[in-house]
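# Topology and contacts: notes
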Amino acid sequence: MKRAIRKQLRAGFGMVLAVVVVNAVISYQNTLKVIENEYWVAHTHQVLTELENTLSTLKDAETGQRGYVLTGDKHYLEPYFAALSQINGNIKNIRQLTADNSSQQRRILSLERKVAEKLNELQKTIALRQEKGIEPAQQVVLSGRGKKLMDDIRRLITQMEKVENELLQQRSQESKASFQKMSATFFLATFLNLALLILLYYFISRNITQHQRGEEALRQSENHLRTIINAEPECVKLIEADGSILEINPAGLVMIEVESADSIIGKSIYSFVASKYTKAFQAFHESVCQGNKGTLEFEIIGCRGSHRWMETHSVPLCNQQDGKLLHLAIGRDITERKRAEKIQQKTQERLQILSQKLIEAQEAERRYIARELHDEIGQALTAVKINLQGVQHLSSKSEIALLLQESTSIVEVALQQVRSLSLDLRPSLLDDLGLVAALRWYVDRQSQRGGIIGEFVASPLERKLLPNLETTCFRIVQEALTNVVRHAQAQRVTVELRQQDAQLHLVINDDGIGFNVEAARERATHGGSLGLLGMEERALLVGSQFNIESVHQWGTKIHVCFPLQ
């Protein structure tokens, strides 16, 4: 089947080629004929032009001669002298152009004699004007001899022009006939060629229809694949072995902050890789171009300066043009995951430090309680015991009363110390009267202890708060006021507690010296003071929003927003 089709195609092409060759030969011959006829037409036009130039030159010479005769101004002789230099050349050209025409050659001899006589007559008239004046010269002009010569010259030129015009008409007709013959031959050959081409197209179309369908199916498949790649939310790019970018999808353009793929096609992929990952990516790229698969996490820098983390899964792809391996990479933006991992790592570090500090705080609290019990309460009880033992050996009632009174005072001091210790651990007001009363008492107590002006402002709460929320709120105020007394050098502190919508807002303001919040957080993360970190962690445990602002020499503001639902 294929051989038969090939034979038909060869036969069709052979016929078309034969017709084209015959048409070319005939057209070439006709073209030569047309060119020859056009040459003779142009030749005749040239003869006519030379004849007109000859007559025009003689007229200019005669006009100059008459102007000089009348005026005596030599400027009028310029056309005359120009005619003398040109006229012989014109007649020579006419003789050469009509060398193939004997009748015209005879007329040229007559024309040449008449022209010579006319020029001689003009010369004599000019000489008479120069030597004898205007009257003898005018008599020659008025004699009519010059006019008769010009009439003879005009008649000869008219006869020659008539002959040339007849030749021009004849040659134009021959040229037109040659052109028509050439056109007819060309159109006939073109018609035959078209007929053969139509027939050939019929056979070719049957042969290539199936091939076209296959190409169309392949094109549709490629378009579908291209649409899928363009719609892919991850970066898909094709990289040459030298690192230059061949293709990239719209998602990749967004990641590297470029609007058009044309602006980066051909550029090196290394220009978008962060410098500290360039070597790792280069080694990974070379490995893929050697036929290996792989995955790599690295950082890229967009054209606008933003940094992103990419997780790239790559496979080698064979280039059909030269057989070399290309690097097909599918990259995923894992910036948020990296950020979450970093936050999680920092959170774990903070929890570890917080746990360690919590244990240390518990031990410190136990040492403090033990020291208070031993130093204060223990001493008081020992003193009471000694007094009671002394009462056994006394007989005077006044001495006994004195020891009992002293013991009573010691017990009262011990009770006060126990009460203070209990309040420091957890004030009973918080359980008995609620958060507002406990905070008012604590603000007053710390103000008196620290020698500052303390103010507590609270709006009535609509309902009883949960115990853990009350404890968290009280502990944050407790830690904040402790820091104010110890470090802020403040003159005034205000604690505000208000309920708004479904949230409880706690605001603590002081007019102290302020501090660097970020530096304090960093110190807390590395094991420094537990206060700020402890307040934040307490707020986060109950789902609250903790915000702290501090300005040097302008004080500090803590705002905690507790959810009530």
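As shown above, the structure is provided for reference.
Attention here is on the structure that accompanies the text. Since the structure is predicted, the reported quantities are computational estimates derived from the model, not experimental observations. (Residues numbered from 1 in each chain as written. Predicted model: local features only at pLDDT ≥ 70, side-chain atom pairs only at ≥ 80, totals over all residues. Heavy atoms only, no water.)

## Some thoughts on the overall build of the protein
Our working definition: Helix and strand assignments come from DSSP, with helices taken as H or I runs of at least 4 residues and strands as E runs of at least 2, each series counted from the N terminus. Residue exposure (1.4 Å probe, protein chains only): buried if accessible area is under 20% of the type maximum, exposed if over 50%, otherwise partly exposed. Residues count as neighbours in contact if any of their non-hydrogen atoms are within 4.5 Å of one another. With residues, only the protein chains shown are counted as cover, and all accessible areas are computed by Shrake-Rupley using a 1.4 Å probe.
Scanning the protein from terminus to terminus reveals 14 helices and ten strands. Expressed as a percentage of the 565 residues in the protein, the buried residues total 35%. Sequence separation of 24 or more characterises 64% of the internal contacts of the protein that already satisfy a separation of 6 or more. If you sum the accessible surface of the protein, you get close to 35100 Å²; carbon and sulfur atoms cover 55% of it.

## Remarks on the packing of helix α11 (residues 435-450) against helix α12 (residues 467-488)
The test is simple: Lines fitted to C-alpha atoms define the axes here, with helix axes fitted over just the stretch in contact, and angles between the N-to-C directions of these axes take values from 0 to 180 degrees. Any angle between 65 and 115 degrees counts as roughly perpendicular, while under 35 counts as roughly parallel, over 145 as roughly antiparallel, and the rest as oblique. Three categories are distinguished: nonpolar for Ala, Val, Leu, Ile, Met, Phe, Trp, Tyr, Cys and Pro, charged for Asp, Glu, Lys and Arg, and polar for the others, with Gly belonging to the last.
In contact at an axis separation of 11 Å, α11 and α12 are set at 10 degrees when each is read in the N-to-C sense. In terms of orientation, α11 and α12 fall into the roughly parallel class. Together, Leu435, Ala438, Leu439, Tyr442, Val443, Gln446 and Gly450 of α11 and Glu470, Cys473, Phe474, Val477, Gln478, Leu481, Thr482 and Val485 of α12 make up the contact between the two elements. Across the contact of α11 with α12, the residue classes tally to ten nonpolar, four polar and one charged.

## Structural notes on the sheet that holds strand β6 (residues 453-458)
To keep it simple, the criterion reads: Think of it this way: DSSP has to see at least two bridges between two strands before they count as a pair.
Spatial ordering of the open sheet is given by β6-β7-β8-β10-β9, a layout of five strands whose pairing is mixed. Of all strands in the sheet, those with a lone pairing partner are β6 and β9 (545-551), marking the two edges. Going across the sheet, the axis of each strand differs from the next one's by a mean of 10 degrees, ignoring polarity. Alignment of β9 against strand β10 (residues 555-563), held across seven bridges, turns out to be antiparallel.

## Overview of the sheet that holds strand β5 (residues 325-333)
In a beta sheet, neighbouring strands are held together by backbone hydrogen bonds and run either parallel or antiparallel to one another. One open sheet accounts for five strands, arranged β2-β1-β5-β4-β3; its pairing is antiparallel. Since the sheet does not close on itself, it has two edges, and those belong to β2 (245-248) and β3 (294-301), each with one partner. Strand-to-strand twist in this sheet, taken as the mean axis angle between neighbours without regard to direction, amounts to 30 degrees. Pairing analysis gives eight bridges linking β3 to strand β4 (residues 307-318), with the strands arranged antiparallel.

## Comments concerning the pattern of salt bridges
Rules: Salt bridge criterion: a side-chain nitrogen from Lys or Arg within 4 Å of a carboxyl oxygen from Asp or Glu.
Under the defined criterion, the tally for this structure stands at ten salt bridges. As a salt-bridge pair, Arg304 and Glu259 come within 3.9 Å of each other at their nearest N and O atoms. Taken as a pair, Arg304 in the loop between β3 and β4 and Glu259 in the loop between α6 (250-255) and α7 (278-289) lie far apart in primary sequence, 45 residues in all. Residue Arg304 is classed as exposed on the basis of its relative accessible area, which comes to 64%. On the accessibility criterion, Glu259 (74% relative accessible area) is exposed. The partner of Glu336 in a salt bridge is Arg339, and the shortest N-O contact between them spans 2.6 Å. A residue pair is termed a helical-turn pair when its members lie 3 or 4 positions apart in one helix, as Glu336 and Arg339 do in helix α8 (residues 335-392) at three residues. The class for Glu336 is exposed, based on a relative accessible area of 57%. The partly exposed category is assigned to Arg339, whose relative accessible area is 41%. One salt-bridge network, held together by shared partners, links Glu234, Glu297, Glu311, Arg332, Arg337, Lys338 and Glu341.

## Digging into helix α14 (residues 531-541)
Most of α14 is tucked away: eight of the eleven residues are buried. Turning to α14, its buried residues are Gly531, Leu532, Leu533, Gly534, Met535, Glu536, Glu537 and Ala539. Once α14 finishes, Gly543 follows within two positions and takes phi at roughly 75 degrees, a positive value.

## What to know about the environment of Leu128
Mapped onto the fold, Leu128 is located in helix α3 (residues 102-132). Spatially, the C-alpha atom of Leu128 lies 9.2 Å from that of Gln138, the residues being ten residues apart in sequence.

## Looking at unusual backbone geometry
In the Ramachandran plot, Glu257 falls in the positive-phi region, its phi being about 60 degrees despite a non-glycine side chain. As for its placement among the helices and strands, Glu257 is situated in the loop between α6 and α7. Classification of Glu257 as buried rests on a relative accessible area of 18%.

## Quick word on the packing of α12 against α14
Where we set the bar: Should the near helix be turned anticlockwise from the far one by less than a right angle, the crossing is left-handed, and should it be turned clockwise, the crossing is right-handed.
At a minimum axis distance of 10 Å, the contact between α12 and α14 shows a crossing angle of 165 degrees. By the angle between their directions, the pair α12 and α14 is classed as roughly antiparallel. The two elements α12 and α14 cross, and the hand of that crossing is left-handed. Note on element contacts: α14 touches α12 through Gly531, Met535, Arg538 and Ala539, opposite Thr472, Arg475, Ile476, Glu479, Ala480 and Asn483.

## Overview of a nonpolar patch on the surface
Stated precisely, the cut-off is as follows: Only residues above 30% relative accessible area that lack a salt bridge enter a patch, with like-charged residues linked at up to 9 Å and the nonpolar side chains Val, Leu, Ile, Met, Phe, Trp and Tyr linked at up to 5 Å.
Together, Leu17, Val21, Val22, Val25 and Ile26 make up a nonpolar patch on the protein surface, roughly 410 Å² of accessible area in all. With respect to the helices, strands and loops of the structure, Val22 is situated in helix α1 (residues 2-71). In this structure Val22 comes out as partly exposed when scored by relative accessible area, which is 48%.

## Comments concerning helix α5 (residues 145-231)
Going by this rule: One less than the residue count of a helix, multiplied by 1.5 Å, gives the span that helix is expected to have. A residue's bend is given by the angle between axes fitted to the 7 residues ending at it and the 7 residues starting at it.
If you check α5, its first and last C-alpha atoms are just 103 Å apart, much less than what 87 residues at 1.5 Å a residue would give, namely 129 Å. In α5, a bend of some 40 degrees at Ile208 exceeds every other bend along the element.

## Overview of the packing of aromatic side chains
This is how it is decided: For Phe, Tyr and Trp, rings pair up if their centres lie within 6.5 Å, where Trp contributes its six-membered ring, and each pair is then called stacked (planes under 30 degrees apart), edge-to-face (over 60) or tilted (otherwise).
A complete count under the given rule lists six aromatic pairs for this structure. Centroid distance Tyr277 to Trp309: 5.3 Å. Interplanar angle 75 degrees. Geometry classified as edge-to-face. Highlighted residues: Tyr277 in the loop between α6 and α7 and Trp309 in strand β4, separated in sequence by 32 residues. Consider the rings of Trp441 and Tyr442, whose centres lie 6.2 Å apart with planes at 55 degrees: the pair is tilted.

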